[in-house]
Each structure stands twice: as C-alpha cells, then as structure tokens.
Amino acid sequence: MNANREQLTRPDGTPIRILAVDDESSITELLSLALRYEGWEVKTAASGKDAVSLARSFQPNAIVLDIMLPDFDGLEVMRRIRVDDPDVPVIFLTAKDAVNDRVIGLTAGGDDYVTKPFSLEELVARLRSLLRRSGATTVREDTQLVVGDLVMDEDAHEVTRGGELVELTATEFKLLRYLMRNPRRVLSKAQILDRVWEYDFGGQDNVVELYISYLRKKIDAGRTPMIHTVRGVGYVLKPALGA
C-alpha cells in the first residue's frame, strides 16, 4: 500500500472488506489487485447466487456490483444482500451506453455507478468516499507529515514552514494535507476535487486553481516554491532545493 495515502480501516482496526461481483474474471482480478493495494480484503463472485452467499459470510463494508450477471441481475443481488445488511454501500458497474441501467440502479437504492470501461483509480476514489460517508471506517495515520521544511501536525491542526507558523483555513489545510500525503506525485484537478471536496461536490475545477493560489501565497510567498504546476496534468508538491 502507498505509505503516503490515508489508510482506511474498519473501526476495530481490521482491514476494509470489499465484495467485487462480475462474471468477467479479468475485471474481478483487476479489482482485486487494486483494492488489495489499498490494504483491503477482497472477495469476488461471478454470479448473483455466489455473491449473496459470500456477502452473508464475508460481511463486506462495500460492494462493487455488475448490473448484468448470468443468473439474476445486480438489482436483485442488492435486494437480497440488503435483507441482512440494509446499509451496505453498493457501486454498480454498467455498460457505457446503458443509461437506463444507471437510472434504475440508483433509483433502486444503489449509492453510485461506474461505467465500463472504468478507471481503477476513479473506482477506488469513489469507494473511499462512500466508505467514509457510510461511517464504516476510521483513518489510521501518523499525526505529523513532513515534506522538506514543511511540517503538518494533523492532531494540533498546525502547519509550519522553516519553523514559522502558517495559518490555513479548513479547506486549505485539507488540500495541503492531500498534497503532502502524495509528495512528488502529480495530482490532477479531478483527483484533488474527488479527495478534498468529495464526489458529491458539484463545483468546477477552477475551485482547485483558486485554492492552489491561496496555498501558494501562504506556503511559497518569499520562499523557494514547493507547489508546482505541471501544464495539462495538474499540481505537485516537492521539497524546496536545500530544504
């Protein structure tokens, strides 16, 4: 698992459990790899019957569920599973052109949907957002992040650069924390929106530009810049030379 990323766990400290259901083995194999990289436990099923049976024994914290299955459809799988676990979050996988499937899935009580072919990074981000909102998780993290001469104490909600205190708003703090958890990694505006403002935020990516400019004025003003723009890609936080 990426050590710079927030590690979500169940409240008792045990790994998050995800049930991935799809009759295409290539998809469930990819999902398993991506989700295990997060440090989560994953079980897979290729049919509705197996999914319902596994859910009862595995008790997943969230389910990634294909709409089209060989025996009964994903909507029926969700209904049967929710008899035992009414609140388990469900993300539906749907065909790109199956708009009706998406509408029906969400109307029937699904929490989100992703269209095939999908980005693994996007799906993981949506799962993380759902898990946090559902209250199924806690975050295991060190209280201090350090990148060069920039230090963030998450418990004290304090940031210093070169030993000088930097005053940040709550949103600026959250944005900087995400950048500091991913040093030297270029983060797109979409990724930043997903993590800092969550998927239910309806704003445009210009809000990211605005808050990056706020951070630069507070973090980089009069100093060697740490926040860099990679044109056409996004933003990256790197230690200042000599820091």
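Scroll up a little and you will see the structure.
Remember, predicted model here, so these are calculated numbers, not experimental data. (Residues numbered from 1 in each chain as written. Predicted model: local features only at pLDDT ≥ 70, side-chain atom pairs only at ≥ 80, totals over all residues. Heavy atoms only, no water.)

Asker: What is the right way to look at the overall build of the protein in this model?
Answerer: Each helix and strand counted, the protein has eight helices and 13 strands in total. Across the 243 residues that make up the protein, the buried fraction comes to 45%. Intrachain contacts of the protein at a sequence separation of at least 6 include 60% that bridge at least 24 residues. Entry remark: accessible area of the protein is about 12100 Å², with carbon and sulfur atoms responsible for 49%. (Helix = DSSP H or I, 4+ residues; strand = E, 2+ residues; numbered from the N terminus. Buried < 20%, exposed > 50% of the residue type's maximum accessible area, 1.4 Å probe, protein only. Contact = heavy atoms within 4.5 Å. Areas by Shrake-Rupley, 256 points an atom, 1.4 Å probe, with all protein chains shown as cover.)

Asker: It is not clear to me how the packing of helix H6 (residues 170–181) against helix H7 (residues 189–197) should be interpreted in this structure. Could you clarify?
Answerer: In helix packing, the relevant descriptors are the interaxial angle and the interaxial distance, both defined with respect to the helix axes. Remark: H6 packs on H7, axes separated minimally by 10 Å, with the N-to-C direction vectors making an angle of 125°. One finds that H6 runs oblique with respect to H7. As for the relative orientation of H6 and H7, their crossing is right-handed in sense. The segment H6 lies against H7, with Thr-171, Lys-174, Leu-175 and Tyr-178 engaging Gln-191, Ile-192, Arg-195, Val-196 and Trp-197. By residue class, the composition of the contact of H6 with H7 is five nonpolar, two polar and two charged. (Axes fitted to C-alpha atoms, helices over the stretch in contact; angles between N-to-C directions. Parallel < 35°, antiparallel > 145°, perpendicular 65-115°, else oblique. Left-handed = near helix turned anticlockwise from the far one by under 90°. Nonpolar A, V, L, I, M, F, W, Y, C, P; charged D, E, K, R; others polar.)

Asker: Would you explain the sheet that holds strand E3 (residues 41–45) in this entry?
Answerer: Strand order in this open sheet of five strands is E3-E2-E4-E5-E6, and the pairing throughout is parallel. Looking at which strands have only one partner, the edges of the open sheet turn out to be E3 and strand E6 (112–116). When strand polarity is set aside, the average angle formed by the axes of neighbouring strands in this sheet is 20°. Sheet topology note: the strand E4 (residues 62–66)/strand E5 (residues 90–95) ladder contains four bridges and is parallel. (Pairing = 2+ DSSP bridges.)

Asker: Whenever I open this one, the nonpolar core confuses me. Can you help?
Answerer: For soluble globular proteins, nonpolar side chains are generally found buried alongside one another. Core analysis: the biggest nonpolar cluster contains 29 residues, and Val-159, Leu-176 and Ile-192 have the highest contact counts within it. The set of elements that each furnish at least two residues to this core consists of strand E8 (144–147), strand E9 (150–153), H6, H7, helix H8 (206–219) and strand E13 (234–237). Every residue in contact with Val-159, bar those within four places of it in the chain, is listed here: Leu-150, Val-151, Met-152, Glu-164, Leu-165, Val-166, Leu-168, Phe-173, Leu-176 and Ile-219. Membership of the second largest hydrophobic core comes to 21 residues, among which are Ala-20, Val-42, Leu-123 and Leu-127. (Core = buried A, V, L, I, M, F, W, Y, C linked by side-chain atoms within 4.5 Å.)

Asker: Please clarify how helix H2 (residues 48–58) should be interpreted in this entry.
Answerer: The α-helix advances 3.6 residues per turn, and as a result positions three or four apart in sequence lie on the same side. When H2 is considered as a whole, its buried residues turn out to be Gly-48, Ala-51, Val-52, Ala-55 and Phe-58. When H2 is viewed along its axis, its buried side chains cluster within an angular range of 150° and face the same direction. For H2, the exposed residues lying more than 90 degrees away from the buried face are Lys-49, Arg-56 and Ser-57. Against strand E2 (17–21), E3 and helix H3 (74–84) lie the buried residues of H2. In the stretch just after H2, Gln-59 is the one whose phi turns positive, near 50°. (Arc of directions from axis to C-beta.)

Asker: I tried to follow the pattern of salt bridges on my own but got confused; where do I start?
Answerer: Pairing is possible between side chains that carry opposite charge, provided their charged atoms lie close to one another. According to the stated counting rule, one finds 16 salt bridges in the structure shown. Taking the shortest distance from any N to any O, the salt bridge between Asp-84 and Arg-56 comes out at 2.9 Å. With Asp-84 in helix H3 and Arg-56 in helix H2, this pair connects stretches of sequence that are 28 residues apart. (Salt bridge = Lys/Arg side-chain N within 4 Å of Asp/Glu carboxyl O.)

Asker: Before we go on, may I ask you to explain the pairing of E6 in this structure?
Answerer: Look at any regular strand and the pattern is simple: side chains alternate between the two faces of the sheet. Of the two faces of E6, only one is covered, namely that formed by Asp-112, Val-114 and Lys-116; the face formed by Tyr-113 and Thr-115 stays uncovered. In terms of strand pairing, E5 meets E6 through five bridges, oriented parallel. Looking at E6, one finds that Leu-93 is bridged to Val-114.

Asker: Would you mind showing me how to read H7 here?
Answerer: Within H7, seven of the nine residues are buried, which leaves it mostly tucked inside the rest of the structure. The set of residues buried in H7 consists of Gln-191, Ile-192, Leu-193, Asp-194, Arg-195, Val-196 and Trp-197. Buried-residue contacts for H7 involve helix H5 (120–134), H6, H8 and E13.

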